[in-house]
Amino acid sequence: GAGVSQTPSNKVTEKGKYVELRCDPISGHTALYWYRQSLGQGPEFLIYFQGTGAADDSGLPNDRFFAVRPEGSVSTLKIQRTERGDSAVYLCASSSGGVNTGELFFGEGSRLTVL
Amino acid sequence: EDQVTQSPEALRLQEGESSSLNCSYTVSGLRGLFWYRQDPGKGPEFLFTLYSAGEEKEKERLKATLTKKESFLHITAPKPEDSATYLCAVRDGGATNKLIFGTGTLLAVQP
């Protein structure tokens with residue numbers, strides 16, 4: 001597709017369960033970002049990949065959160081032992097040239113609800 | 001600590017009634033200020049990048065300006081389709097590549 005694709009669009013899970021969220025960036029984009037957005041808030045940075053490696057993971061809130069991008073394209077955000085406070089929209093974005101232009105292309109997000 | 005503050009939180013305009021949104025920032029070594037538009041249920045959509053004080057960018061009814069402490073998004077003769085949340089973000093001068101977003105201004109333009 002032409003844009004950033006995220007699946008699932010909605011995920012409802014129970015506290016303590018494991019969750020995976022997938023991001024398929026725009027073809028050819030080397031930079032990929034994960035952000036988290038709570039209701040009424042702006043997006044909050046989680047992690048940034050340049051190619052296959054995590055260049056900046058300073059936004060991951062704790063060790064329950066982990067992300068991979070094994071082939072430099074699709075990325076998966078993994079959340080272990082989910083908590084109710086993890087409920088939010090998880091946004092993925094990609095760009096062609098690092099963050100130098102600030103022009104990130106966002107997907108529509110995965111809405112996670114932890115009961 | 002780097003901070004971005006947007007005001008007002010919400011703004012209701014009549015169609016054709018021009019106004020401005022404000023973004024104040026505190027950052028050590030600005031490496032860019034960015035405006036995004038976000039529609040309900042969608043991801044943010046890039047609008048503008050500004051790098052230095054005095055710089056201006058325009059797109060249709062929108063014009064973004066930048067000073068050393070704040071940025072304004074001017075909306076001239078808005079239409080209902082301009083209704084959205086407008087987000088401001090900055091990138092600091094450090095090694096990080098992350099954008100720091102404000103909480104946004106929810107704009108509603110009534111016909």
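Residue and element names in this part refer to chain B. With antiparallel pairing, the 5 strands of this open sheet are ordered in space as 1-3-8-7-6. Lying at the two open borders of the sheet, with one neighbouring strand each, are strand 1 (3-7) and strand 6 (56-59). Neighbouring strand axes in the sheet, compared pairwise and without regard to direction, differ in orientation by 15° on average. Alignment of strand 3 (residues 19-26) against strand 8 (residues 70-75), held across 6 bridges, turns out to be antiparallel. Bridge pairing in strand 8 links S20 to H74.

Now for the layout of surface pockets. Space inside the largest pocket adds up to approximately 640 Å³. Q37(A), L39(A), R111(A), Q38(B) and G41(B) are, among the 29 residues lining the largest pocket, the residues nearest its centre. Counting residues per element, the ones that place at least two in the lining of the largest pocket are strand 9 (88-95) and strand 11 (110-114) of chain A together with strand 9 (84-90) and strand 11 (105-110) of chain B. Here the lining of the largest pocket takes 3 residues from strand 11 of chain A, the largest share from any one element. Grouping the amino acids of the lining of the largest pocket by side-chain chemistry returns 8 nonpolar, 16 polar and 5 charged. Lining the second largest pocket are 14 residues, and of these P43(A), E44(A), F45(A), I100(B) and F101(B) sit closest to its centre. Contributions of two or more residues to the lining of the second largest pocket are made by strand 5 (44-50) of chain A together with strand 10 (100-101) of chain B. A per-class count over the lining of the second largest pocket returns 5 nonpolar, 6 polar and 3 charged.

Conventions we followed
Residues numbered from 1 in each chain as written. Chains lettered and ligands numbered in written order. Predicted model: local features only at pLDDT ≥ 70, side-chain atom pairs only at ≥ 80, totals over all residues. Heavy atoms only, no water. Pairing = 2+ DSSP bridges. Helix = DSSP H or I, 4+ residues; strand = E, 2+ residues; numbered from the N terminus. Axes fitted to C-alpha atoms, helices over the stretch in contact; angles between N-to-C directions. 1 Å grid on protein atoms, 1.4 Å probe; cavity = no way out; pocket = protein on both sides within 12 Å on 5 of 7 lines; lining within 4 Å. Points joined across faces, edges and corners; volume = space filled by probe spheres on them. Nonpolar A, V, L, I, M, F, W, Y, C, P; charged D, E, K, R; others polar.

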